[in-house]
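# Fold and contact review
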Amino acid sequence: AASDPDLVARALAAKAALGDKVFVLGHHYQRDEVIQFADVTGDSFKLARDAAARPEAEYIVFCGVHFMAESADILTGPDQQVILPDLAAGCSMADMARIAQVEKAWEALAEAGVQDQVVPVTYMNSSAAIKAFCGRNGGVVCTSSNAEVALDWAFEQKGEDTKVLFLPDQHLGRNTAVLKLGYSLDDCVVWNPHKPNGGLTADELRAARVILWKGHCSVHGRFTVDVVDELRAKIPDLNVMVHPECPHEVVLKADHVGSTEYIIKTIEAAPSGSSWAIGTELNLVQRLALAHPDKNIVFLDRNVCYCSTMNRIDLPHFVWAMESLVEGVVVNRIEVDPQTEQDALVALQRMLDLPG
Ligand code: 13P
Ligand code: SF4
């Protein structure tokens, strides 16, 4: 739907009034009505780097979800304020790993006698408290664009017997460990935080190389092999491209797997006339289809499937946040407490220092 022209004019006026004081970051899953005002767009890795590279901006307006705004707060200076236009823009995957549950799992790993061998790796899509946990315990943050390098780094930390505890997305962890690093499915176990001892025996923990937290993305978890087969039967020479948050069996059937930034670059480089089915959030897929009318781009689902929390950031919320700043009022500031920030920064910095 076209954006309300009055709101567009107000957003433009607020942006002009704020000038260099404000820097607007937009994740690729954001609505068109909001992404048009982003100074930079990106996947979560690029946005984390871009946020850190703008020390002169007093305000960072983050059009994305809560964990991204927290990471931006951690990576920016103490005088910079990060604003999330709607505080209800959370992430159901990040919510699947609570710090108390993770601390409990860590204790259980000690009781099983394996904790000394375990390096915790958390996906960017997690709370600052979990990033801080990783910072305190020799671990690292990763995103979908550097999960392979991060896991490689992690497996080198404790010699041959290293195990990785991967939080909170079991799919990204499994897809990376198995398809990129060559571990087998038998090397992976799933830790269920709702069961005593994660639902695992001490022997299973001792035998495992990769302990996957039982979390998933509610958007990417919906893509199925049935739809892949159906579309391949219907569209000749179809290229299937999915995000690594998709289930393992879907990723196995795909021709390309990668982060949102990778998906965009691959489509940009694709020849005219080629056909693509894309398994990632719908705002991005629709935008790609519109930007590349010479390519046949379809969504890898029969149903409409947006990330409902990403979509919380709409034009009315954006305008409200920006106009408040013009009036000198900071609304919806995301501020991580200093101790958490210090520990989380250790894990985030390890990620930013990874090669590549
Ligand atoms: P990337 O931005 O790393 O591709 O992750 C996708 C996602 O689900 C963000 O919430
Ligand atoms: Fe979270 Fe999935 Fe939405 Fe990304 S797309 S914010 S992982 S629920």
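Located above this text is the structure these notes cover.
These numbers were taken from a predicted model, which means no experiment stands behind them. (Residues numbered from 1 in each chain as written. Chains lettered and ligands numbered in written order. Predicted model: local features only at pLDDT ≥ 70, side-chain atom pairs only at ≥ 80, totals over all residues.)

## A word on the site of ligand 1
Here is the rule we go by: Any residue whose C-beta atom, as placed from the backbone, lies within 6 Å of a molecule or strand is termed near it. Here the term charged refers only to Asp, Glu, Lys and Arg, the term nonpolar to Ala, Val, Leu, Ile, Met, Phe, Trp, Tyr, Cys and Pro, and the term polar to all other amino acids, Gly among them.
The environment of ligand 1 is formed by Asp43, Ser44, Cys91, Asn125, Thr143, Ser144, Ser145, Cys217, Glu245, Ser259 and Thr260. Residues that form the shell around ligand 1 fall into these classes: two nonpolar, seven polar and two charged.

## Details of the site of ligand 2
In the vicinity of ligand 2 lie 13 residues, with Cys91, Met93, Cys217, Val219 and Cys307 positioned nearest. Split into classes, the residues belonging to the shell around ligand 2 amount to eight nonpolar, four polar and one charged.

## Points about helix 5 (residues 99–111)
This is how it is decided: Only DSSP runs of H or I covering at least 4 residues are called helices, and only runs of E covering at least 2 are called strands; the numbering of each starts at the N terminus. One less than the residue count of a helix, multiplied by 1.5 Å, gives the span that helix is expected to have. Partly exposed residues are those whose C-beta has more than 12 but fewer than 20 other C-beta atoms within 10 Å; with 20 or more the residue is buried, with 12 or fewer it is exposed, and the C-beta atoms are placed from the backbone. Note that the arc is computed from the directions linking the helix axis to the C-beta atoms. Residues are defined as contacting one another if the C-beta atoms placed from their backbone atoms lie within 7 Å.
The first and last C-alpha atoms of helix 5 sit 19 Å apart over 13 residues, in line with the 18 Å expected at 1.5 Å per residue. Those residues of helix 5 that fall on the buried side of the exposure criterion are Val102, Ala105 and Leu109. For helix 5, the arc enclosing every buried residue in end-on projection is 60°, short of the 170-degree limit, so these residues lie on one face. Exposed residues lying more than 90 degrees from the buried face of helix 5 are Ala100, Glu107, Ala110 and Glu111. Contacts made by the buried residues of helix 5 are with strand 5 (118–123), helix 6 (128–136), strand 7 (163–167), strand 8 (188–191) and helix 9 (202–207).

## Focus: the sheet that holds strand 1 (residues 22–27)
Operational definition: By this definition, two strands are paired if DSSP reports at least two bridges between them. Only the stretch in contact is used when a helix axis is fitted, and all axes are lines through C-alpha atoms; the angle between N-to-C directions ranges over 0 to 180 degrees.
With parallel pairing, four strands are arranged side by side in an open sheet as 2-1-3-4. Each of the sheet's edge strands pairs with one partner strand only, and the pair in question is strand 2 (40–42) and strand 4 (81–83). In this sheet, adjacent strand axes meet at a mean angle of 25° when their direction is disregarded. Where strand 1 lies against strand 3 (residues 59–63), five bridges are found, and the strand directions are parallel. Bridge pairing in strand 3 links Val22 to Tyr59. The strands touched by helix 3 (residues 44–52) within the sheet are strand 1, strand 2 and strand 3, with strand 1 carrying the most contacts at an inclination of about 170°. With respect to the sheet, helix 4 (residues 66–75) is in contact with strand 1, strand 3 and strand 4, its orientation differing from that of strand 3 by roughly 155°.

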